Amino acid sequence: MRLFTFFTTSPARSLLARWSRVALALGSALLVAGCDLNFWRMDGPQSTINTAGPVAKNQLEIFYVTVWVTFVIFLLVAGVLAYAMLKFRARSEADEHAEPPAQSHGNPLIELGLIGASVLALVIIAVPTLKGIWFTHDVPEAEKENAYTVNAVGYQWWFRFEYPNEQIENVGQLVTSNELVIPAGRPVHVNLRAMDVIHSFWVPRLAGKVDMIPNRANFLWMKADEPGYFWGQCAEFCGDSHAVMRFRVIALGPKEFNEWLEEQSSPARTVVSGETADANKATAQFASVRTDWKRNEPGYTTKYDLDPLNAWREKQFPDKGEDAAQIAQGRKIFKEKNCVTCHTIRGHDGIGTNAPDLTHVGSRTTIAAGLLENDAAQLARWIMHPEEVKPGNKMYHGIGAMRGYVTREADGKVVTNITVSPQEAQALVAYLHSLK
Ligand code: CUA
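Residues numbered from 1 in each chain as written. Predicted model: local features only at pLDDT ≥ 70, side-chain atom pairs only at ≥ 80, totals over all residues. Heavy atoms only, no water.

**A short note on the packing of aromatic side chains**
With the rule as written, the count across this model stands at 14 aromatic pairs. When the centroid spacing of 5.9 Å and the interplanar angle of 65 degrees are considered together, the rings of Phe 334 and Tyr 431 count as edge-to-face. Of this pair, Phe 334 sits in helix H9 (residues 324-336) while Tyr 431 sits in helix H13 (residues 422-434), and the two are 97 residues apart along the sequence. Here Phe 334 and Tyr 431 have matching classes, each one buried. By way of ring pairs, the aromatic residues Tyr 148, Tyr 163, Phe 257 and Trp 260 are connected into one cluster. One Lys or Arg, Lys 209, reaches over the ring of Trp 202 and ends 4.3 Å from the middle of that ring. The residue whose ring lies beneath Arg 248 is Trp 231, and the NZ or CZ to ring-centre distance is 3.8 Å. (Phe/Tyr/Trp six-rings, centres within 6.5 Å; stacked < 30°, edge-to-face > 60°. Helix = DSSP H or I, 4+ residues; strand = E, 2+ residues; numbered from the N terminus. Buried < 20%, exposed > 50% of the residue type's maximum accessible area, 1.4 Å probe, protein only. Lys NZ or Arg CZ within 6 Å of the ring centre and 35° of its normal.)

**Quick look at the environment of Gly 253**
Relative to the helices and strands, Gly 253 is located in the loop between strand S10 (246-252) and helix H7 (254-265). The exposure class assigned to Gly 253 is buried, which follows from its relative accessible area of 18%. Counting along the chain gives 26 residues from Gly 253 to Pro 227, while the straight-line C-alpha distance between them is 6.0 Å. Discounting chain neighbours no more than four positions away, the residues touching Gly 253 are Ala 184 and Pro 227. (Contact = heavy atoms within 4.5 Å.)

**Brief notes about the sheet that holds strand S5 (residues 188-194)**
Taken in spatial order, the five strands of this open sheet run S3-S2-S1-S5-S8, and their pairing is mixed. A single partner strand is all that each edge strand has here, and the edge strands are strand S3 (172-177) and strand S8 (218-222). Sheet twist, expressed as the average angle between the axes of neighbouring strands with direction ignored, equals 30 degrees. Strands in contact with H7 are strand S1 (148-155), strand S2 (158-168) and S3; relative to S3, the strand with the most contacts, it is inclined by about 100 degrees. (Pairing = 2+ DSSP bridges. Axes fitted to C-alpha atoms, helices over the stretch in contact; angles between N-to-C directions.)

**Focus on the sheet that holds strand S9 (residues 228-234)**
Picture the strands of a sheet paired through backbone hydrogen bonds; they go either parallel or antiparallel. Strand order across the open sheet formed by five strands is S4-S10-S9-S6-S7, with mixed pairing between neighbours. At either end of the open sheet lies a strand with only one pairing partner, and these are strand S4 (179-183) and strand S7 (207-212). The average undirected angle you get between the axes of adjacent strands in this sheet is 20 degrees. Note: S4 against S10, five bridges, orientation parallel. What sits directly across from Leu 180, in S10, is Val 249. Strands in contact with helix H8 (residues 308-315) are S4, S9 and S10; relative to S10, the strand with the most contacts, it is inclined by about 85 degrees.

**With respect to the pattern of salt bridges**
Taken as a whole and assessed by the stated rule, the structure comprises 14 salt bridges. With its nearest N and O atoms 4.0 Å apart, the salt bridge here joins Lys 144 to Asp 138. Among the residues examined, Lys 144 registers a relative accessible area of 36% and is labelled partly exposed. Connected through shared salt-bridge partners, Asp 138, Glu 141 and Lys 144 make up one network. (Salt bridge = Lys/Arg side-chain N within 4 Å of Asp/Glu carboxyl O.)

**Focus: the pairing of S10**
Most of S10 is tucked away, with seven of its seven residues classed as buried. Alternating residues of S10 divide into Arg 246, Arg 248, Ile 250 and Leu 252 and Phe 247, Val 249 and Ala 251, and every residue in both groups is buried. Bridge count between S9 and S10: six bridges; the pairing is antiparallel. Each bridged residue has a counterpart across the sheet, and for Gly 228 the counterpart in S10 is Ala 251.

See the structure below:
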């Protein structure tokens with residue numbers, strides 16, 4: 001009781017108030033000083049604030065309208081609250097025990113005014129929202145003729161991209177994985193499909209997000225105003241490795257896009273001994289290779305000192321110092337280790353469609369569904385220890401009833417039966433990186 005009295009008397013109260021103010025000030029200072037300032041700039045690679053196309057821009061505008069309307073409401077409510085708290089605060093002992101003043105109700109002016117204001121706020125938000133729903137639904141009628149169509153298919157945990165307009169003789173449509181190349185400045189209609197569970201297709205700077213649902217023909221459209229390199233992400237929980245199911249979108253000008261299509265439509269490249277690469281470009285590196293990886297770490301640079309689009313361009317050229325013998329050995333291992341069951345390398349070996357098409361994997365900037373940089377160290381790591389990078393992945397566990405991929409030990413630990421030695425991995429990396 002004495003304690004209670006102490007805390008309810010005025011001197012103790014003002015002491016408490018003073019200390020809480022000090023704590024608040026200290027906390028705010030720490031928050032500002034300790035946080036990554038990039039957070040406040042909001043220009044990260046998956047920023048919805050830093051838009052690069054009309055669909056994302058429209059969605060951002062709706063967001064801003066909502067924010068401003070609610071901000072004004074917040075200011076009004078907080079202002080009235082602050083006014084009431086200051087004006088009618090207890091100033092003396094007598095005030096604290098005073099009876100509440102007479103209550104009033106039934107003021108038609110205030111009630112109608114508040115109803116009117118609420119309706120107005122909703123209308124201000126509803127008009128751009130409804131317009132946005134129509135605009136973002138599909139490519140505008142006026143631009144339909146200029147639209148390009150691609151199919152995006154979600155798998156656990158990667159994306160397959162199909163180009164129905166690019167038919168390859170005796171093969172069918174052009175297929176790539178995890179890096180979607182689109183024409184810049186043109187609307188792109190993306191058909192969304194899923195092979196196993198529900199995924200969601202999201203490219204924050206361009207458009208998003210729409211679910212990829214098995215047996216349901218969803219779609220979205222997007223447009224990159226300028227050539228660029230954009231990050232994408234699966235945005236619907238889809239199992240163990242949902243958080244690391246990423247992809248990239250590369251938007252190219254018309255000439256470069258057509259060159260890319262032509263290049264990708266050709267079968268896999270074969271390196272012949274004694275033949276030097278037709279370009280002396282070094283392999284593009286996004287970041288220095290790290291050796292202190294932890295489980296599930298992105299393995300992807302956070303430094304933006306290198307233009308990723310130009311890094312992608314360099315990736316289209318053969319690496320310096322290719323070793324034809326090692327590449328040939330890698331191709332042999334690729335066949336022997338059963339990689340061919342799930343992967344296709346068109347023109348070489350493999351007809352599998354359970355896993356990413358690797359015909360031109362060397363020309364991609366990322367592997368493991370946009371998770372790791374496509375450099376030698378990361379690719380070797382991914383081949384040797386896929387479970388460490390992407391828990392639950394099929395390269396480690398096999399698919400469905402595929403037997404013999406893993407053994408469950410007595411303590412419940414799952415161990416893969418397909419092992420790759422560091423030397424084998426090196427040869428595989430040399431082979432896969434030769435596939436430009
Ligand atoms: Cu696919 Cu989440």
